[in-house]
Amino acid sequence: MVIRKATAAFATALLIAFTAGQVHAGGATCKSTNGEQKHTASDGSTCLASSDGTGKAKAKATGGASSQTFVETGGKSNSVASDEAMSEAESESKGKSTAHASGAGSEAFVDADQKGMATANATGGSFANVTALGKCNATGMASGDSTVNANCEADGSFVHATATGGGEADGDGTNPPTCTPNGGTAKVVSSGGNCG
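Residues numbered from 1 in each chain as written. Predicted model: local features only at pLDDT ≥ 70, side-chain atom pairs only at ≥ 80, totals over all residues. Heavy atoms only, no water.

## Thoughts on the side chain of serine 32
1) Next: Within the fold, serine 32 resides in strand 2 (residues 28–32).
2) Next: Of note is the side chain of serine 32, whose polar atom sits 3.2 Å from the backbone nitrogen of asparagine 34.
3) Next: A distance of 2.7 Å separates a polar side-chain atom of serine 32 from the backbone oxygen of glycine 35.
4) Next: With sequence-adjacent residues up to four places away left out, serine 32 is seen in contact with Ala49, Ser50, Ser51, Gly55, Lys56 and Ala57. (Helix = DSSP H or I, 4+ residues; strand = E, 2+ residues; numbered from the N terminus. Polar contact = N/O pair within 3.5 Å; in protein donor to acceptor, adjacent residues only side chain to side chain. Contact = heavy atoms within 4.5 Å.)

Structure, rendered in structure tokens:
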């Protein structure tokens, strides 16, 4: 659900940024503590930062990348994308989210809610989806065409997932995680168990 929501919102944001954004050289940086800010840079990079006035949103994109952040009902979001990657960070109810993506085909999505903390890092054509929808901690790092899904919801739970070289690591902080190396590596350390 989070992925579909993020992808739809991202597509809309890109359209808005390209049609109505201001043009800047040297990448695009957007910051907001109230309202929406969007920019398009001469290198094709786009950013969007949106806050309802209760928290800080910051997005930065370089090298033709796209980055966006959303903050509602308190929280802090930071999103950074470079070299044709895409990143999105969302925070609600005093959550803290950070997304970093670099390299063509790389995508990083994070969502933090109810004082949760979520951090995602995707490089080399990888995908990282990380959510902390309760007072919990989730991190995901994917590199070299890998996939990571790190999602927690129960208060006090945690999940830290990493994958490299085509691996896939999935954990939710409650149930036993799954690690599929696929010739690379996959590892999960979580309150629901470990693998890899």
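From this point, the discussion proceeds with the structure in view.
## Notes on the pairing of strand 8 (residues 86–92)
1) Next: Burial within strand 8 is extensive, with 6 of its 7 residues counted as buried.
2) Next: Two strands pair when backbone bridges link them, and strand 6 (residues 66–72) and strand 8 are joined in this way by 7 bridges, in the parallel orientation. Bridging from a neighbouring strand, phenylalanine 70 pairs with glutamate 90 of strand 8.
3) Next: Sheet topology places strand 8 next to strand 10 (residues 107–112); 6 bridges connect them, and they run parallel. Note on strand 10: the bridge partner recorded for glutamate 90 is aspartate 111. (Buried < 20%, exposed > 50% of the residue type's maximum accessible area, 1.4 Å probe, protein only. Pairing = 2+ DSSP bridges.)

## Thoughts on the pattern of salt bridges
1) Next: Taken as a whole and judged by the stated rule, the model has 1 salt bridge.
2) Next: Between lysine 38 and glutamate 36 there is a salt bridge; the shortest N-O distance is 3.3 Å.
3) Next: Lysine 38 gets classed as partly exposed once you look at its relative accessible area, which sits at 22%. (Salt bridge = Lys/Arg side-chain N within 4 Å of Asp/Glu carboxyl O.)

## As for the sheet that holds strand 13 (residues 137–143)
1) Next: Overall, mixed pairing links the 9 strands, which are arranged 2-5-7-9-11-13-15-18-19 in an open sheet. Across the chains shown, the open sheet's two edge strands, defined by having one partner strand only, are strand 2 and strand 19 (193–195). Across this sheet, the average inter-strand angle for adjacent strands is 5°, counted without regard to direction.
2) Next: Bridge count between strand 7 (residues 75–82) and strand 9 (residues 95–102): 8 bridges; the pairing is parallel. Its bridge partner being in strand 9, serine 82 is matched across the sheet by serine 102. (Axes fitted to C-alpha atoms, helices over the stretch in contact; angles between N-to-C directions.)

## A word on a positive patch on the surface
1) Next: On the surface, Lys31, Lys56, Lys58, Lys60, Lys76 and Lys96 cluster together into a patch of positive charge.
2) Next: Looking at which element gives the most residues to the positive patch, the answer is strand 5 (residues 55–62), with 3 residues.
3) Next: Summarising the element assignment, lysine 31 is placed in strand 2.
4) Next: Classification of lysine 31 as exposed rests on a relative accessible area of 53%. (Patch = residues over 30% accessible without salt bridge, like charges linked within 9 Å, V, L, I, M, F, W, Y side chains within 5 Å. Areas by Shrake-Rupley, 256 points an atom, 1.4 Å probe, with all protein chains shown as cover. Lys, Arg positive; Asp, Glu negative; His and termini not counted. Charge placed at Lys NZ, Arg CZ, Asp CG, Glu CD.)

## A word on the confidence of the model for the protein
1) Next: Per-residue pLDDT for the protein has a mean of 90; in total, 87% of the residues score no lower than 70.
2) Next: Counting contacts from residues 1–24, a segment whose pLDDT is below 50, to residues more than four positions away or on other chains yields 47 contacts. (pLDDT = per-residue confidence, 0-100.)

## Things to note about the packing of aromatic side chains
1) Next: Applying the stated criterion to the full structure yields 1 aromatic pair.
2) Next: Here the aromatic rings of phenylalanine 109 and phenylalanine 127 are separated by 5.9 Å at their centres, their planes lie at 50°, and the arrangement is tilted. In this pair, phenylalanine 109 is assigned in strand 10 and phenylalanine 127 in strand 12 (residues 127–132), connecting sequence segments 18 residues apart. (Phe/Tyr/Trp six-rings, centres within 6.5 Å; stacked < 30°, edge-to-face > 60°.)

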